[in-house]
Amino acid sequence: MSWRGLRTVAFDGCRSTRVPETSDNVAWLGRYKVAAYPLLAVMALAETGTRALLGAVVGQYRGEVEAALQLVGHLRQDMVVLADRGFDANAFVRAVHASKAALLLRICSSRRPAVLQVLADGSFLSVISGVPVRVIAATVTVTCADGSTHRGEYRLVTTLTDVRRHPAEDLLALYHQRWEIEVTFLAIRHTMLKGRVLRSGDPQGLRQEMWALLTVHQLLRMAMLDATDAVPGCDPDRACFTAALVAARDSVTRGAAIVPDAGSELTGPITEAVIGALLPPRRPRISARTVKGVSARYGHRRSDEDRPCVSTPVTALDITVHFPQQDTPVPAQTATQPGRNPAPQKDPPVTAQTLLPPAVPMHTSRLEDVLAAMGTAPEREWRAIELATLLRLDRSDLTGELIRWSKRQILIKTGPATSRSRTDRRSPPSSPSTLKTSSRSWPPILTAPGTPVRSPPR
């Protein structure tokens with residue numbers, strides 16, 4: 001799918017493929033309390049229009065973000081990445097930004113980005129882990145054919161900061177396309193596997209089986225795309241994956257027309273079967289998210305779930321974008337109480353242009369993020385609460401680190417609670433020899449195994 005010249009792709013993981021409970025498989029994948037079998041995890045990057053795979057990671061479950069970072073190399077500058085709240089992590093945001101691809105991510109309720117500048121459509125500019133972003137908060141209300149209404153709260157973060165080219169309502173409508181990757185997993189787990197358990201009793205065999213399934217799925221998607229391209233104005237969503245799979249199985253069984261001749265790809269049995277069984281145009285529907293599997297995360301209906309249990313047509317859709325409740329990027333400086341040191345001189349008003357840090361590389365450290373933020377205003381005296389708000393860090397931990405960095409002469413301490421960057425150094429020391437250490441040397445302390453080590457006297 002192309003959206004305003006950008007290819008829409010989505011990340012998501014699947015951890016419901018059951019495998020035999022052998023000693024090798026259990027040692028590799030582990031056990032799950034809610035599942036009767038070990039489960040094989042698959043992280044995929046797929047196009048939302050054709051549902052074709054761009055990359056996948058197969059193996060044990062290590063977290064969605066960790067697996068997705070291995071697929072960031074497949075991203076390109078002409079892509080927009082869609083992801084749900086499971087990918088709301090600083091490392092993921094930095095990695096996608098470093099790949100030059102655009103990002104549209106739904107964030108968790110615990111994340112509170114600082115408001116740097118409120119835009120005309122109700123969204124606002126902010127910074128997440130050194131990456132300039134735009135935050136959109138909205139309420140989506142749908143009206144069903146039976147007259148019922150259902151509402152949902154969404155907060156999206158995107159690197160598409162141009163309000164005129166990418167309005168907030170259009171981005172909210174685009175985020176719905178993320179669900180297309182769920183259809184990809186549906187085709188692999190249920191249409192191809194039909195819920196069966198994989199056969200291999202060792203990890204190497206499981207990898208071969210899963211990669212074989214992904215390869216067949218990719219080839220079928222390519223044939224389905226050829227079929228829809230042959231019909232003028234046909235959306236790839238109308239191609240039936242079941243029809244393509246049945247036609248491919250029949251060709252293998254008969255041993256005829258398995259590989260079409262050159263130039264006859266559009267007249268092959270798979271292409272003809274897909275064209276002859278085109279689905280009707282997609283219609284908007286809504287239903288509660290429920291799964292019948294024993295290993296399902298959503299097996300029980302939540303108490304606040306008001307969506308219908310069965311698929312219900314949607315007749316109207318309304319999107320309301322909310323303006324931020326506050327328009328100040330960082331907490332204001334408080335007045336000095338009598339008997340205490342005077343407060344630092346108040347800085348000029350902070351705007352998005354002065355506070356947005358430059359782009360940072362992926363996998364940066366906390367010190368590099370702090371230096372990138374301070375680099376936007378080298379002469380500004382920064383407080384820990386300001387940096388913690390911008391970088392989503394714990395204030396107490398950051399306060400102690402600012403003190404340590406000042407002692408190491410990486411930062412300059414300008415007051416009781418303020419620091420600024422050094423104009424002659426924009427990066428941390430490159431070797432331990434530059435660190436400030438005590439002039440007194442201590443002999444090595446030899447201890448027997450299991451004996452606690454005592455610190456030298458101070």
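Data block above holds the structure.
Predicted model only: the values in this text are computed from it and were never measured.

(A) The arrangement of the sheet that holds strand 14 (residues 411-413) in detail. With antiparallel pairing, three strands are arranged side by side in an open sheet as 13-15-14. In the strand order of this sheet, the two ends are held by strand 13 (382-383) and strand 14, each with one partner.

(B) Molecular detail of empty space enclosed by the protein. Taken as a whole and judged by the stated rule, the model has three cavities of 30 Å³ or more. Computed from the structure, the largest cavity encloses a volume of approximately 70 Å³. Surrounding the largest cavity, G49, T50, R51, R221, M224, L225, T228, P236 and A239 form its lining. When the residues that make up the lining of the largest cavity are grouped by side-chain class, the tally is four nonpolar, three polar and two charged.

(C) Representation of the packing of aromatic side chains in the model. Across all of its chains, the model carries four aromatic pairs by this definition. For the pair F11 and F87, a centre-to-centre distance of 6.1 Å together with 45 degrees between the ring planes defines the contact as tilted. One end of the pair, F11, is in strand 2 (residues 6-18); the other, F87, is in the loop between strand 5 (79-83) and helix 3 (90-98), and 76 residues separate them in sequence. Take F87: its relative accessible area is 0%, and that puts it in the buried class. Note on Y154 and Y175: the rings are 6.4 Å apart at their centroids and 65 degrees apart in plane angle, and the pair reads as edge-to-face. One end of the pair, Y154, is in strand 10 (residues 149-158); the other, Y175, is in helix 4 (residues 168-175), with 21 residues separating them in the sequence. On the accessibility criterion, Y154 (26% relative accessible area) is partly exposed.

(D) Structural context of unusual backbone geometry. Although it is not a glycine, S129 adopts a positive phi angle of roughly 55 degrees. Take S129: it is sitting in the loop between strand 8 (124-128) and strand 9 (131-144). Positive phi outside glycine occurs at K194, with the angle close to 55 degrees. Relative to the assigned elements, K194 resides in the loop between helix 5 (180-192) and helix 6 (203-230). For K194, a relative accessible area of 56% translates into the label exposed.

(E) How the structure looks around the packing of helix 7 (residues 241-254) against helix 8 (residues 269-276). The geometry of helix 7 relative to helix 8 is characterised by a closest axis approach of 8 Å and an angle of 150 degrees between their N-to-C directions. Between helix 7 and helix 8, the interaxial angle falls into the category roughly antiparallel. Between helix 7 and helix 8 the crossing geometry is right-handed. Facing helix 7, whose interface residues are A243, A244, A247, A248 and S251, helix 8 presents P269, I270, A273 and V274. Broken down by class, the residue content of the contact of helix 7 with helix 8 amounts to eight nonpolar, one polar and no charged.

(F) Representation of the environment of Y37 within the structure. Relative to the helices and strands, Y37 resides in the loop between helix 1 (23-29) and strand 3 (39-47). Each C-alpha atom of the pair Y37 and R18 lies 5.7 Å from the other, and the pair is 19 residues apart in sequence. Excluding residues that lie within four positions of it along the chain, Y37 makes contacts with R18, V19 and V197.

(G) Structural detail: the pairing of strand 10. With three bridges connecting them, strand 6 (residues 102-106) and strand 10 associate as antiparallel partners. Bridge pairing in strand 10 links R106 to L156. Bridge analysis of strand 9 against strand 10 gives 10 bridges, and the strand direction is antiparallel. Each residue of the ladder has a partner; that of V140, found in strand 10, is G152. What sits between the antiparallel neighbours strand 9 and strand 10 is a turn of four residues, in which G147 has the positive phi angle 90 degrees.

What counts and how
Residues numbered from 1 in each chain as written. Predicted model: local features only at pLDDT ≥ 70, side-chain atom pairs only at ≥ 80, totals over all residues. Heavy atoms only, no water. Pairing = 2+ DSSP bridges. Helix = DSSP H or I, 4+ residues; strand = E, 2+ residues; numbered from the N terminus. 1 Å grid on protein atoms, 1.4 Å probe; cavity = no way out; pocket = protein on both sides within 12 Å on 5 of 7 lines; lining within 4 Å. Points joined across faces, edges and corners; volume = space filled by probe spheres on them. Nonpolar A, V, L, I, M, F, W, Y, C, P; charged D, E, K, R; others polar. Phe/Tyr/Trp six-rings, centres within 6.5 Å; stacked < 30°, edge-to-face > 60°. Buried < 20%, exposed > 50% of the residue type's maximum accessible area, 1.4 Å probe, protein only. Axes fitted to C-alpha atoms, helices over the stretch in contact; angles between N-to-C directions. Parallel < 35°, antiparallel > 145°, perpendicular 65-115°, else oblique. Left-handed = near helix turned anticlockwise from the far one by under 90°. Contact = heavy atoms within 4.5 Å.

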